[in-house]
Amino acid sequence: MIYFENLTSLSTQDKYKFIKWKKDLQLCDLIMSSPVELTIDGVNEWIYKNSNDANQFFKSVVRVEDKQVIGLARLMFIDNVAKHAEIGLYIGDSIDRSKNAGVNILNLLLQVAESKYRLNKVYAKIHEGNMGSIRLFCNAGFIKEGTLRQHYYSRISNCFKDVYIYSTFLK
Amino acid sequence: MNSYKTLNKQVYSSGQYSIVPIRMEDRYDIMRWRNEQMYHLRQNKPLTKDDQDRYFEEVVSKLFDQDKPDQILFSYLEGEKCIGYGGLVHINWIDRNAEVSFILDKLNNEYNYIELSVIYLQLITNVGNELMMHKIYTYGYDFADYRFEPLYKNGFQLDAFLHEHALIDSNLVPVRIYSKLLVK
């Protein structure tokens, strides 16, 4: 099981995990993010900026059993008018990815989207090569609404990848 | 005339129509068009002259000297008369894509809208090519079919149809995303 915690309360040790994850080429490629080399100050700035974004739910993912921070969960671009948001999540270390944690994070995020923000719809953008996330969202009942052709340039594959939009309605 | 550091060519023309780096003198026409057509823009309150002056001073004026601005805006001219404005926004220099935006004077009827939009899209495609973009795309609310015709005429394809994605007049309406891959 997992729970969410504010990143502002992270220990220095846990901040170093994010420093590692944010420059991890494989992870960054999965989540379509540019790898960056951050210092502790840089991580603090990143946490401050995102934690204070009124249109974002931005939390670390903590495993209940050992209280280890294993990833990140967020609702982004929360649209309080049209009542939708983009879901983003990752588990930092591959060793933690095969233990149902993804399902637990997604389910908890869906609960937050519905109970805290009263959203009508959530969606995720996933590139064609991220089969783990495609499986995760399909199994949770998300439907593919479109394909953004060649929308992401993968530095690992050195080619443009299609990006799928998966969505689900909450009510 | 303003000029964008990021572009070698500043003026893109087709017959009597052209797009030029956005002109200060067009700002209040642009404000009026945006306010008249708020219903299909991502704008939730009418702009005032002060808002517009501030935006041009704090945002637009800084775009010209940047190597990699996040948007470049143009006035759309018929001769010397401004008939619309738009540009490439949300420019992603890493994945080399950008969103096409534009708005025309509301006085244009449906026929004119299509004709003028087709020309505008040709011109902004040329800008995308000069910036070495891989792809350009645009969003539109799904309640005015004729607005999509110019996209098809310019080789855009429907990438996504997002259900219940925008709230217009208390109704949730779909949003369409169209894109065009650019020639190398």
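Structure: above.
Right, let's walk through the structure included here. Bear in mind that the values here come from a model prediction, so they are computed numbers and not experimental data.

Basis of the calculations
- Residues numbered from 1 in each chain as written.
- Chains lettered and ligands numbered in written order.
- Predicted model: local features only at pLDDT ≥ 70, side-chain atom pairs only at ≥ 80, totals over all residues.
- Heavy atoms only, no water.
- Patch = residues over 30% accessible without salt bridge, like charges linked within 9 Å, V, L, I, M, F, W, Y side chains within 5 Å.
- Areas by Shrake-Rupley, 256 points an atom, 1.4 Å probe, with all protein chains shown as cover.
- Salt bridge = Lys/Arg side-chain N within 4 Å of Asp/Glu carboxyl O.
- Helix = DSSP H or I, 4+ residues; strand = E, 2+ residues; numbered from the N terminus.
- Buried < 20%, exposed > 50% of the residue type's maximum accessible area, 1.4 Å probe, protein only.
- Pairing = 2+ DSSP bridges.
- Polar contact = N/O pair within 3.5 Å; in protein donor to acceptor, adjacent residues only side chain to side chain.
- Contact = heavy atoms within 4.5 Å.
- Buried area = accessible area lost by both parts, 1.4 Å probe.
- Axes fitted to C-alpha atoms, helices over the stretch in contact; angles between N-to-C directions.
- Parallel < 35°, antiparallel > 145°, perpendicular 65-115°, else oblique.
- Nonpolar A, V, L, I, M, F, W, Y, C, P; charged D, E, K, R; others polar.
- Phe/Tyr/Trp six-rings, centres within 6.5 Å; stacked < 30°, edge-to-face > 60°.
- Lys NZ or Arg CZ within 6 Å of the ring centre and 35° of its normal.
- 1 Å grid on protein atoms, 1.4 Å probe; cavity = no way out; pocket = protein on both sides within 12 Å on 5 of 7 lines; lining within 4 Å.
- Points joined across faces, edges and corners; volume = space filled by probe spheres on them.

Together, Val81(A), Leu167(B) and Leu172(B) line one region of the surface with nonpolar side chains, adding up to about 230 Å² of accessible area. Mapped onto the secondary structure, Val81(A) falls in the loop between strand E3 (69–79) and strand E4 (84–91).

Moving on to the pairing of strand E4 (residues 81–92) of chain B. All names here are of chain B. Judged by how many residues are buried, E4 sits mostly within the fold: nine of 12 residues are covered. Direction of pairing for strand E3 (residues 72–78) relative to E4: antiparallel, over a ladder of seven bridges. Along E4, the bridge assignment pairs Leu77 with Cys82. As consecutive antiparallel partners, E3 and E4 are separated by two residues, and within that stretch Gly79 has a phi angle of approximately 65 degrees, a positive value. As defined by bridge partners, E4 adjoins strand E5 (residues 97–104) across seven bridges and the pair is classed as antiparallel. The partner of Gly87 across the bridge, within E5, is Ser101. Between E4 and E5, which pair antiparallel one after the other, the connecting turn spans four residues, and Arg96 there sits at a positive phi close to 55 degrees.

As a further point, take the side chain of His127(A). All names here are of chain A. With respect to the helices, strands and loops of the structure, His127 is situated in strand E5 (residues 121–127). Polar contacts involving the side chain of His127 include one to the main-chain amide nitrogen of Gly129, which spans 2.9 Å. Once residues lying within four places of it in the same chain are set aside, the contact partners of His127 are Asp29, Leu30, Met32, Ile134, Tyr152, Lys161, Asp162 and Val163.

Turning to the interface of chain B and chain A, a few remarks are in order. Of the residues lining the interface, 23 residues belong to chain B; the matching set on chain A comes to 21 residues. Three residues stand out in chain B for area buried against chain A, namely Asp95(B), Asp159(B) and His165(B), and they jointly supply 26% of the buried area on that side. In this structure, the connection of chain B to chain A is made through one salt bridge. The salt bridge involving Arg149(A) is made with Asp159(B); its shortest N-O contact spans 3.0 Å. At the boundary of chain B and chain A, one finds 15 residue pairs in polar contact (both at pLDDT 80 or more). For the side of chain B that touches chain A, the secondary-structure elements that each account for two or more residues are strand E6 (135–141), strand E7 (157–168) and strand E8 (171–181) of chain B.

The next point concerns the pairing of strand E6 (residues 143–154) of chain A. Residues and elements named next belong to chain A. Of the strand pairs in this sheet, E6 and strand E7 (residues 159–169) are connected by eight bridges, and their pairing is antiparallel. Bridging from a neighbouring strand, Leu148 pairs with Val163 of E7. Where E6 folds back onto E7 in an antiparallel hairpin, the turn is made up of four residues, including Asn158, whose phi is positive at roughly 55 degrees.

With that settled, the discussion passes to the packing of helix H1 (residues 12–22) of chain A against helix H3 (residues 40–51) of chain A. All names here are of chain A. Following both chains from N to C, one finds H1 and H3 inclined at 90 degrees, their axes separated by 10 Å at the closest point. Taken together, H1 and H3 sit at an angle that is classed as roughly perpendicular. Contacts between H1 and H3 pair Thr12, Lys15, Tyr16, Phe18, Ile19 and Lys22 from the former with Ile40, Val43, Asn44, Trp46 and Ile47 from the latter. Looking at side-chain class alone, the contact of H1 with H3 contains seven nonpolar, two polar and two charged residues.

Another point: the packing of aromatic side chains. Under the defined criterion, the tally for this structure stands at 21 aromatic pairs over all chains. Both rings, one in Tyr153(A) and one in Phe160(A), keep their centres 4.9 Å apart while their planes meet at 70 degrees; by these two values the pair is edge-to-face. Grouping aromatic residues by their ring pairs yields a cluster made of Tyr17(B), Tyr76(B), Phe102(B), Tyr113(B), Tyr120(B) and Tyr146(B). The aromatic ring of Tyr164(A) is capped on one face by Lys144(A), whose charged end is 3.9 Å from the ring centroid. One residue, Lys49(B), lies across the ring of Tyr28(B), its end atom 4.8 Å from the ring centre.

Bringing empty space enclosed by the protein into the picture now. All names here are of chain A. Across all of its chains, the model carries one cavity of 30 Å³ or more by this definition. Taken as a whole, the largest cavity spans an internal volume of roughly 40 Å³. The element contributing the most residues to the lining of the largest cavity is helix H2 (residues 25–30), with three residues. The class makeup of the residues in the lining of the largest cavity is five nonpolar, one polar and two charged.

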